Amino acid sequence: MARSKSGIRTLAIDIGGTGLKAIVLDEVGTPLTERVRVETPRPATPSAVMEALRDLTKPLGAFDRISCGFPGVVVDGVTRSAPNLHVAWAGFRLEADLTRRLRKPARALNDAGVQGFGVIERRGVEMVLTLGTGMGCALYLDGRYVPNLELAHHPFKGKRTYEQYVGDAALESAGKKSWNRRVRKVLEQVMRTWNPRVVYVGGGNAKHLKGSLPDGVKLTDNIAGLLGGIALWRDA
Ligand code: BGC
């Protein structure tokens, strides 16, 4: 594998429902470039998103490998669903397509899963909730990730799922004050159900949370969604 002066360079990508983000990290996960971002193209089909990613990442220069967070279920590098992108992602070979287009080995994981790797302490049960276009959720035991826990689409209040209750559309329709109350209800439920040591809350809408949060809840920076990408190559 090609080595630059600072070692192996990882291109970290975060595919989001609203924005596509990317950065290059050094061997220990420190950013080597600016974070770049574009709006997610609509309709967000695989080809539209993959083309936008190629243009987005071009100015970042050389890299040796790719990490990618994806807003849906990913199994063995293949995407199964993407509720906030497009139905055409069912069965899309994301890792293989990234490698074909960007000519480097690629690893992909659910976006909340990647985010968690950027913040967890690898001790006991830790959870991540991301508040963005959708609601991401990730669970870890002693740093080991339990993949694809899709809490977002589980019923929460009446016929509404967690994501319908606190996702971006809910923030818009309910307003910030009531959305804040809703997020606290979700946190209470999550804490009671999984009894995690910590719940890390991130995502683009976490900045709208006001006031104190329950014990055991920590706010995290959204950049973790990119920085966590280094963990996908920890065994390499
Ligand atoms: C998806 C999750 C994803 C979350 C945040 C949800 O709609 O089902 O897989 O992590 O959105 O992007």
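Residues numbered from 1 in each chain as written. Predicted model: local features only at pLDDT ≥ 70, side-chain atom pairs only at ≥ 80, totals over all residues. Heavy atoms only, no water.

**Student:** How do you make sense of the overall build of the protein when you look at a structure like this?
**Tutor:** Check the secondary structure of the protein and you find seven helices and 15 strands. Per-residue burial over the protein gives 54% buried out of 236 residues. Intrachain contacts of the protein at a sequence separation of at least 6 include 59% that bridge at least 24 residues. By element, 51% of the accessible surface of the protein is carried by carbon and sulfur atoms, the whole surface being about 11,100 Å². For the protein, the distance from the average position of its 35 positive side-chain charges to the average position of its 23 negative side-chain charges is 3 Å. (Helix = DSSP H or I, 4+ residues; strand = E, 2+ residues; numbered from the N terminus. Buried < 20%, exposed > 50% of the residue type's maximum accessible area, 1.4 Å probe, protein only. Contact = heavy atoms within 4.5 Å. Areas by Shrake-Rupley, 256 points an atom, 1.4 Å probe, with all protein chains shown as cover. Lys, Arg positive; Asp, Glu negative; His and termini not counted. Charge placed at Lys NZ, Arg CZ, Asp CG, Glu CD.)

**Student:** Which parts of the structure should I look at to understand the sheet that holds strand β8 (residues 106-110)?
**Tutor:** Taken in spatial order, the five strands line up as β3-β2-β1-β4-β8 in an open sheet, and their pairing is mixed. Looking at strand neighbours, the two that pair on one side only are β3 (36-39) and β8, the edges of this open sheet. Averaged over all adjacent pairs, the angle separating strand axes in this sheet is 15°, with direction ignored. The sheet contact formed by strand β4 (residues 65-70) and β8 spans five bridges and is parallel. Residue C68 lies in a different strand from β8, and its bridge partner there is A108. Running at roughly 40° to strand β2 (residues 19-25), helix α1 (residues 46-57) makes contact with β1 (10-15), β2 and β3 of the sheet. (Pairing = 2+ DSSP bridges. Axes fitted to C-alpha atoms, helices over the stretch in contact; angles between N-to-C directions.)

**Student:** Teacher, can you tell me more about unusual backbone geometry here?
**Tutor:** Leave glycine aside and you will find that most residues have negative phi; peptide bonds, for their part, are mostly trans. Each neighbour pair has its own omega, and for R42 with P43 the value is -5°, a cis peptide bond. Positionally, P43 belongs in the loop between β3 and α1. A positive phi is found at R103, a non-glycine position, where the angle reads about 60°. When you line up the elements, R103 lands in the loop between α2 (94-102) and β8. Residue D142 is not a glycine yet carries a positive backbone phi of 45°. As for its position among the elements, D142 is in the loop between β10 (135-141) and β11 (144-146).

**Student:** For this particular structure, what's the right way to read the site of the ligand?
**Tutor:** Every residue close to the ligand is listed here: P71, G72, P83, N84, N110, D111, G134, M135, G136, E150, H153 and E163. In the environment of the ligand, an oxygen atom lies 2.5 Å from a nitrogen or oxygen atom belonging to the side chain of E150. Within the side chain of H153, a nitrogen or oxygen atom sits 2.7 Å from an oxygen atom of the ligand. Residue classes in the shell around the ligand are distributed as three nonpolar, six polar and three charged. (Near = heavy atom within 4 Å. Polar contact = N/O pair within 3.5 Å; in protein donor to acceptor, adjacent residues only side chain to side chain. Nonpolar A, V, L, I, M, F, W, Y, C, P; charged D, E, K, R; others polar.)

**Student:** Before we go on, may I ask you to explain the packing of aromatic side chains in this structure?
**Tutor:** Applying the stated criterion across every chain yields a total of seven aromatic pairs. Look at F117 and Y145: their rings are 6.0 Å apart centre to centre, the planes differ by 70°, and that puts the pair in the edge-to-face class. Pair noted here: F117 is in helix α3 (residues 111-117) and Y145 is in strand β11, with a separation of 28 residues, a long-range link. Across the pair, exposure class does not vary: F117 and Y145 are buried alike. Ring pairs connect the aromatic residues F70, W89 and F92, which therefore count as one cluster. For K157, the ring lying beneath its charged end belongs to F156, and the centroid distance is 6.0 Å. (Phe/Tyr/Trp six-rings, centres within 6.5 Å; stacked < 30°, edge-to-face > 60°. Lys NZ or Arg CZ within 6 Å of the ring centre and 35° of its normal.)

**Student:** I tried to follow the pairing of β1 on my own but got confused; where do I start?
**Tutor:** In regular strands, side chains alternate between the two faces of the sheet. Along β1, six of the six residues are buried, which leaves the element largely enclosed by surrounding structure. Burial along β1 is two-sided: T10, A12 and D14 and L11, I13 and I15, pointing in opposite directions, are all buried. Bridge count between β1 and β2: six bridges; the pairing is antiparallel. Paired with L11 across the bridge in β2 is V24.

**Student:** How do you make sense of the environment of H154 when you look at a structure like this?
**Tutor:** Within the secondary structure, H154 is located in the loop between β11 and β12 (155-157). Filtering out sequence-adjacent residues up to four positions away, H154 remains in contact with T161 and Y162.

**Student:** How do you make sense of the packing of α1 against α2 when you look at a structure like this?
**Tutor:** In helix packing, the relevant descriptors are the interaxial angle and the interaxial distance, both defined with respect to the helix axes. At a minimum axis distance of 11 Å, the contact between α1 and α2 shows a crossing angle of 45°. The orientation of α1 with respect to α2, classified from their angle, is oblique. Once α1 is placed against α2, the crossing between them reads as right-handed. On the side of α1, the interface is formed by S47, M50, E51, L53, R54 and T57, while α2 contributes L94, D97, L98, R101 and L102. Among the residues making up the contact of α1 with α2, the classes are represented as five nonpolar, two polar and four charged. (Parallel < 35°, antiparallel > 145°, perpendicular 65-115°, else oblique. Left-handed = near helix turned anticlockwise from the far one by under 90°.)

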